[in-house]
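One letter stands for each residue in the lines below.
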Amino acid sequence: MSKSLEKLLFVEDDESIAQVAVMILEDFGGFSVKHCDTGRKALDCLVEYAPQFILLDVVMPGMDGPETLERLRRIPMAKKIPVAFMTAKAQTHEQAIFRKLDVVGVIVKPFDPMALSGQITNLWALSQAA
Amino acid sequence: MTPATAVNGPKIPKLTRGMLRPSGISLKNKIIALTCISVLLSTLLVGGSNYFRIQKILLDTSVENLAGETRLMAQRFRFSYDQMKSDVQVLSQTSPIQGIVRSRANTNVDPWDGSSLLIWKDRLGTIFSSMMAMRPHYTQIRFIGIADRGRELVSANSAPSGIMLAPDEDMQQKWREPYFEAGLKTDTNDVFFSEVTKDREFDGLDDRLIPTVRAVIPVLGKDGKTFGMIVINANYGDMLRPAFEDIALPYDAFFLNSSGDYMEYRKNGTIGNFEFHDNYTVPLPLFVNRILLAKSSETVFVTDDAVSYFVRPDIDQGNPDAFMGVVVRVSLKELLARAYEFRSLSLLWGGLLILTCLATSLVLAHRFTAPLNKMTKEIKQSRGGEKLENLPVDRTDEIGDLARAFDHRTRELADQKAKLTAILDNTVDGFITVDECGKVETFNRSCERIFGYKAAEVIGRDVKKLMPAPYHAKYEGYRKRYQGAEECASIGIVSEFEGRRKDASIFPLDLSVSEVKIGDRKIYSGIVRDISERRLMETMKDEFISNVNHELRTPLTCIQGSLGLLMAASGRKNDEKSRKLLQLSYDNCQRLTRLVNDILDIEKIAAGKMDYQLEAADICQLVSDIIEQQISYAEKFGVTFKTDFDSAEILVSLDKDRFNQALVNLLSNAAKFSNPGGAVEIEIFLKNPSQVVISVRDHGSGIPSSFRGKIFSKFAQADGSATRMKGGSGLGLNITRKIIEAFDGTVDYESEEGKGSKFAFVLPVCSPMKMRA
């Protein structure tokens, strides 16, 4: 592992979840988290912010998670950034669809606040090892 | 409703011209043939037997006639002999004979009246001459004395010029002649007939070769000894000829004697010469020879071409070895001419009879079979299930019965068809039948509605027209498989398929196919139900569930995250009361999440929509991992997990996530219901080589016996108040059982109140083959 995970981009349209999650990630995980409330904004700030890991909500107005992911992969510098979905679409068949996309994992809402940072670190480690 | 528009009826093999023809001999030809054969046979039988009977009768009567004729002729011959015999006897009684005897004994002078020998001789000569004049066939009459070597005393001879008395100097000595010797041995009054010989004169043959028979009678002297003999010579041919002439038979006849001499008479009246046995001018016919061998007095001889009758005339010739015979012969052809005539007539009449019968049977057979042929034509021209209009139902005979029965049955069938058609047309589901080649045969009204095609546009076409292209290959596969199958079993598949409407739109349908065997033909019937609306509803429901799930989880996420943050903060502040309240809130938040999960799962299981991603997994490893995850949970209840199994690989086919869910349910239940400080024991062992058991045992309160049987049902909790405190939806075990059953496993438990419970999964072990797959 060359580098530890520090910079995280979190895309989430629900303001309250965003607030709580950012707090958890910053407080418990010690990450530096940037939050965008739409996929569009996330794509816009991506190059400038250059995150190490992206946590992407699925159900969003306008550009949803999978679409954001697809567009994001078209940006050269974002091609290799590990992405994980965080979604309330928790049914097995729904998750199966998401896992097939170019992501390192799917975190199901509601997440365990204590375990969330650990989960993300694990996924990061997994992506780096690959 | 007008039925029969949409349904073409189950197609039966088309009637072809060939099928309507009787495959064997037609009824018409049978009638003709039977009539002709029976007439022919009876004609032959009657004609033949009559012919042979008549032939027999004719033969018998002819033979009888023949016998009569033959006897008559024999009688006539006997008469000739008898006449000659009586002539010679009469001559022996005449007075000159005794006068000569007396004169010779008395120096040539008769002592009675003094007449000289010469006078008596002269008188005898006169008697002889008159006798010969009476009998033209007598050639010579003589009185021969014994004395002087049998010198003739008187001799009358026939000569061309008339009857001549031989002068004394011409008298011959006959002592060497066989008849002379025979005459010496003959008794008085008996007559000896000699063999037929050629006439002899002066010890030599007469030039004329006249066949001659001699009748000899001895004459006694005074002393009672033979003095001499009277001998009549007869021309044998002339003697016999009148017999033939008198009877004038219409048949051939023979007269013959034991020496083999014969005389032949032909039915045209000609009479042959007398033939000597040693000098035949015409050889004796063979059959006559054979007849000569017969000993009986009367015999019938039947040869291939003739019938002959033989009679021995009863003639005493004074010689036991000599005999005569008469044979009358008639050719069979002549004899049976009438029989042959009858035979020809019989044949003629028989032929005429057969021709008449042939003509009659032709007419009759045509009349019998014409109505049948007409009916057949009528049936052929009608379509299946239609009423037949022109049957000969008015006839009063059997054909009428047949027609009425047929009419009745077709009406019934037509009614049934109308009913069935009406039912099929009014069913909501589409009904379609397809032949073995995939051609549509039936297409009901609902099908028209579902697919948008008119029946006429589809019937006779390939059923592939009704399905989108991607299904063609799959359908061909099915068709070939079923076509090949020998057994006519109902297929009965209900499967979801896609159909294509006339407007090319594609829609989901439920299809249930069954195979029907009609005769030696298979057809496939399908019931089609358009399920687009149901699909739409299902999709909407799925979306709704997904959305509800999402919308419930979103606030829960926020709450749970916030509570987590607050708990961390309160921990740092060391505010015990807040920390406890927050923990409570957090636990309940988790409980709410699980409840949401459970309700969704139950809904999915009920709808049969639970997705299982089956794969072979090492059960020990999987169980260890799951226990690992649940340790922290159990710690909350002060419970520890104790495992008792080695790490040998046991492969089970299952969906890891769902198995996780099922086992977590057991583990969390066990933890929840254990007493603090208690242990939950987990065991894995092979029940047998093909089944593995995973058991979870706790030492908690156990399950009340009253609750058994309900434990796996939905929303089941033994004691509402107590268990609710532990946090549970009451759905867990129900879901667990459904999941395990989806892996072909079973769930069971045993429990003692106050001592704890033991739940166990029994799952099938993968075979090595399955494992690799």
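Residues numbered from 1 in each chain as written. Chains lettered and ligands numbered in written order. Predicted model: local features only at pLDDT ≥ 70, side-chain atom pairs only at ≥ 80, totals over all residues. Heavy atoms only, no water.

Remarks on the overall build of chain A
Scanning chain A from N- to C-terminus turns up five helices and five strands. Going from the N terminus to the C terminus, chain A shows its helices and strands as β-α-β-α-β-α-β-α-β-α. Of all 130 residues assigned to chain A, the portion counted as buried reaches 52%. Nonlocal contacts in chain A, meaning residues at least 24 apart in sequence, comprise 64% of its contacts between residues at least 6 apart. (Helix = DSSP H or I, 4+ residues; strand = E, 2+ residues; numbered from the N terminus. Buried < 20%, exposed > 50% of the residue type's maximum accessible area, 1.4 Å probe, protein only. Contact = heavy atoms within 4.5 Å.)

As for the overall build of chain B
Scanning chain B from terminus to terminus reveals 21 helices and 26 strands. For chain B, buried positions account for 42% of its 773 residues. In chain B, the proportion of contacts linking residues at least 24 apart, taken out of those at least 6 apart, comes to 60%. Total accessible area on chain B is roughly 41,700 Å²; 56% of this is exposed by carbon and sulfur atoms. (Areas by Shrake-Rupley, 256 points an atom, 1.4 Å probe, with all protein chains shown as cover.)

Looking at the interface of chain A and chain B
Across the contact, 23 residues belong to chain A and 22 residues belong to chain B. In total, chain A and chain B occlude about 2,000 Å² of area from one another, counting both sides; carbon and sulfur atoms represent 63% of this. Where chain A touches chain B, the interface holds zero salt bridges. Counting across the chain A and chain B interface gives six residue pairs in polar contact (both at pLDDT 80 or more). Breaking the side of chain A that touches chain B down by element, the ones donating at least two residues are helix 1 (15-29), helix 4 (92-99) and helix 5 (113-129) of chain A. Per-element tally for the side of chain A that touches chain B: the top contributor is helix 1 of chain A, with seven residues. (Buried area = accessible area lost by both parts, 1.4 Å probe. Salt bridge = Lys/Arg side-chain N within 4 Å of Asp/Glu carboxyl O. Polar contact = N/O pair within 3.5 Å; in protein donor to acceptor, adjacent residues only side chain to side chain.)

With respect to empty space enclosed by the protein
Residues and elements named next belong to chain B. Applying the stated rule across the entire model yields two cavities of 30 Å³ or more. Looking at the largest cavity, it is lined by 25 residues, and the ones nearest its centre are Val463, Met467, Tyr475, Leu511 and Val513. Contributions of two or more residues to the lining of the largest cavity are made by strand 15 (430-435), helix 14 (472-484), strand 17 (493-500), strand 18 (506-518) and strand 19 (521-530). Classifying every residue of the lining of the largest cavity by side-chain character gives 16 nonpolar, six polar and three charged. For the second largest cavity, the calculated volume is near 30 Å³. (1 Å grid on protein atoms, 1.4 Å probe; cavity = no way out; pocket = protein on both sides within 12 Å on 5 of 7 lines; lining within 4 Å. Points joined across faces, edges and corners; volume = space filled by probe spheres on them. Nonpolar A, V, L, I, M, F, W, Y, C, P; charged D, E, K, R; others polar.)

A short note on the sheet that holds strand 26 (residues 756-764) of chain B
Residues and elements named next belong to chain B. In spatial order, the strands read 21-23-24-26-25; together these five strands make up an open sheet with mixed pairing. Edge positions in the open sheet fall to strand 21 (640-644) and strand 25 (746-752), since each of these has one partner strand only. Each neighbouring strand pair of the sheet contributes to a mean axis angle of 20 degrees, computed without reference to strand direction. Of the pairings in the sheet, the one linking strand 23 (residues 679-688) to strand 24 (residues 691-697) comprises seven bridges and is antiparallel in character. Pairing of Glu683 across the sheet is with Ser695, part of strand 24. (Pairing = 2+ DSSP bridges. Axes fitted to C-alpha atoms, helices over the stretch in contact; angles between N-to-C directions.)

Examining the pairing of strand 8 (residues 211-220) of chain B
All names here are of chain B. Along strand 8, nine of the 10 residues are buried, which leaves the element largely enclosed by surrounding structure. Bridge analysis of strand 4 (residues 192-193) against strand 8 gives two bridges, and the strand direction is antiparallel. Among the inter-strand pairings, Phe193 is bridged to a residue of strand 8, identified as Ala215. Pairing between strand 5 (residues 197-198) and strand 8: two bridges, direction antiparallel. Its bridge partner lying in strand 8, Thr197 is registered against Thr212. Here nine bridges tie strand 8 to strand 9 (residues 226-235), and the two strands are oriented antiparallel to one another. Residue pairing in the sheet places Ile217 in a bridge with Ile230 of strand 9. Linking two consecutive strands that pair antiparallel, namely strand 8 and strand 9, is a turn of five residues; a positive phi of about 85 degrees is found at Gly224 within it.

Points about helix 3 (residues 65-74) of chain A
Residues and elements named next belong to chain A. Listing the buried residues of helix 3 in full gives Gly65, Thr68, Leu69, Leu72 and Arg73. Seen end-on, helix 3 carries its buried residues on one side only, within an arc spanning 130 degrees. In the core, the buried residues of helix 3 are packed alongside helix 2 (39-49), strand 3 (53-57) and strand 4 (83-87). (Arc of directions from axis to C-beta.)

Quick notes on the confidence of the model for chain B
All names here are of chain B. Residues at a pLDDT of 70 or more form 91% of chain B, whose mean pLDDT is 83. Mean pLDDT values for the elements of chain B range from 42 in helix 21 (residues 768-772) up to 92 in strand 24. Counting contacts from residues 1-13, a segment whose pLDDT is below 50, to residues more than four positions away or on other chains yields 34 contacts. For residues 769-773, every residue scores under 50 in pLDDT, and the model assigns this stretch three contacts once sequence neighbours within four places are set aside. (pLDDT = per-residue confidence, 0-100.)

Focus on the sheet that holds strand 11 (residues 262-265) of chain B
Residues and elements named next belong to chain B. Across the sheet, which stays open at both edges, the five strands sit in the order 11-10-14-13-12 with antiparallel pairing between neighbours. Single-partner strands in this sheet number two, and they are strand 11 and strand 12 (298-302). Going across the sheet, the axis of each strand differs from the next one's by a mean of 15 degrees, ignoring polarity. As judged from the six bridges shared by strand 10 (residues 252-257) and strand 14 (residues 324-331), these two strands associate in the antiparallel manner. Residue pairing for strand 14: Asn257 is matched across the bridge by Met324. Sheet strands in contact with helix 2 (residues 27-93) are strand 10, strand 12, strand 13 (306-311) and strand 14, and its direction is about 35 degrees off that of strand 13.

A short note on the packing of aromatic side chains
The geometry of an aromatic ring pair is captured by two quantities: the separation of the ring centres and the angle between the planes. Residues and elements named next belong to chain B. For the coordinates displayed, the defined rule picks out 20 aromatic pairs over all chains. A ring pair is formed by Phe274 and Phe276, whose centres lie 5.5 Å apart and whose planes are at 80 degrees; its orientation type is edge-to-face. Accessibility expressed as a relative area gives 8% for Phe276, which makes it buried. With a centroid separation of 5.9 Å and an interplanar angle of 70 degrees, the aromatic rings of Phe659 and Phe761 are classed as edge-to-face. Placement of Phe659 in helix 18 (residues 656-673) and of Phe761 in strand 26 is noted, with a sequence separation of 102 residues between them. With a relative accessible area of 0%, Phe761 lands in the buried category. (Phe/Tyr/Trp six-rings, centres within 6.5 Å; stacked < 30°, edge-to-face > 60°.)

Some remarks on helix 1 of chain A
All names here are of chain A. Between the first and last C-alpha of helix 1 there are 20 Å, a value that for 15 residues agrees with the 21 Å anticipated at 1.5 Å per step. Inspection of helix 1 places Ile17, Ala18, Val20, Ala21, Val22, Ile24 and Leu25 among the buried residues, and these make up the whole buried set. Gly30 sits one or two residues past helix 1 and shows a positive phi near 70 degrees. (Expected span 1.5 Å × (residues − 1).)

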